[in-house]
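Structure at a glance
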Amino acid sequence: MIGGGWQVYNTITGVGYVTGDGKADLVARDASGTLRLYQGTGNATVAFKTRTKIGGGWNTYTTLL
């Protein structure tokens, strides 16, 4: 289990290796348009590092890839 609290996001997408470290990352957007990066660790027990804010204003987009 990754954990709870994901319901605050209206879009979650697996974006590959955003950080270039070869570990799968996620990007999630909340209703206010804040985009956050969840950097993968490659460890099934602790799958992601603490989230990082990418920025705001992303609610103007209908799709994230």
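Now for a quick tour of the structure. (Residues numbered from 1 in each chain as written. Predicted model: local features only at pLDDT ≥ 70, side-chain atom pairs only at ≥ 80, totals over all residues. Heavy atoms only, no water.)

1. Focus: the overall build of the chain
The condition that has to hold: For the purposes of this entry, the term helix denotes a DSSP run of H or I that reaches at least four residues, the term strand denotes a run of E that reaches at least two, and both are numbered from the N terminus. Only C-alpha atoms enter the radius of gyration, while the globule expectation follows 2.2 Å times N to the 0.38, with N the number of residues. Only protein chains enter the calculation, and the probe is 1.4 Å; a residue is then buried if its accessible area is under 20% of its type maximum, exposed if over 50%, and partly exposed in between. Note on areas: these come from Shrake-Rupley sampling with a 1.4 Å probe, and a residue is covered only by the protein chains present in the view.
Helix and strand counts for the chain stand at zero helices and four strands. Walking the chain from its N terminus toward its C terminus, one meets helices and strands in the order β-β-β-β. Computed over its C-alpha atoms, the radius of gyration of the chain comes to 12 Å, within 12% of the 11 Å expected for a compact globule of 65 residues. In terms of its C-alpha atoms, the chain occupies a principal-axis envelope of roughly 35 × 25 × 15 Å. With 65 residues in all, the chain has 31% of them scored as buried. With an accessible surface of roughly 4,300 Å², the chain has 54% of that area assigned to carbon and sulfur atoms.

2. A word on the nonpolar core
Our working rule: As used here, the term nonpolar core means buried Ala, Val, Leu, Ile, Met, Phe, Trp, Tyr and Cys residues forming a set that is joined through side-chain atoms within 4.5 Å. Contacts are assigned to residue pairs that have any heavy atoms within 4.5 Å of one another.
With five residues, the main nonpolar core is built from Tyr 9, Leu 26, Ala 28, Tyr 38 and Phe 48. With residues up to four places along the chain from it excluded, the contact list for Phe 48 reads Ile 2, Ala 24, Leu 26, Tyr 38, Gln 39, Gly 40 and Thr 41.

3. Some points on the packing of aromatic side chains
The cut-off we apply is this: Here is the rule: rings of Phe, Tyr and Trp (six-membered ring for Trp) pair when centre to centre is within 6.5 Å. Planes less than 30 degrees apart are stacked, more than 60 are edge-to-face, and the remainder are tilted.
Overall, the coordinates contain five aromatic pairs when judged by the stated rule. Aromatic side chains Trp 6 and Tyr 9 sit 6.0 Å apart centroid to centroid with 50° between the ring planes, which places their arrangement in the tilted category. Taking relative accessible area as the criterion, Trp 6 reaches 21% and is therefore assigned partly exposed. Their ring planes at 40° and their centres at 5.5 Å tell us that Trp 58 and Tyr 61 sit as a pair that is tilted.

4. Describing the pairing of strand β3 (residues 35–38)
The line we're drawing: For two strands to be treated as a pair, DSSP must find at least two bridges joining them.
Every second residue of β3 is oriented toward a common face, with Leu 35 and Leu 37 on one face and Arg 36 and Tyr 38 on the other, all of them buried. Counting the residues that bridge the hairpin from strand β2 (residues 25–30) to β3 gives four residues, and of these Gly 33 lies at a positive phi of roughly 95°. Bridge count for β3 against strand β4 (residues 52–55) is three bridges, and the pairing is antiparallel. Looking at β4, one finds that Leu 35 is bridged to Gly 55.

5. Some points on the sheet that holds β4
Where we set the bar: Interaxial angle, 0 to 180 degrees, is taken between N-to-C directions of lines fitted to C-alpha atoms, where a helix line uses only the stretch in contact.
A sheet is described by the order of its strands in space; here four strands give the open sequence β1-β2-β3-β4, paired in antiparallel fashion. Strand pairing shows two members of the sheet lacking a second neighbour, β1 (9–16) and β4, which therefore form its edges. Adjacent strand axes in the sheet meet at a mean angle of 30°, parallel and antiparallel pairs treated alike. Sheet topology note: the β1/β2 ladder contains six bridges and is antiparallel. What sits directly across from Ile 12, in β2, is Ala 28.

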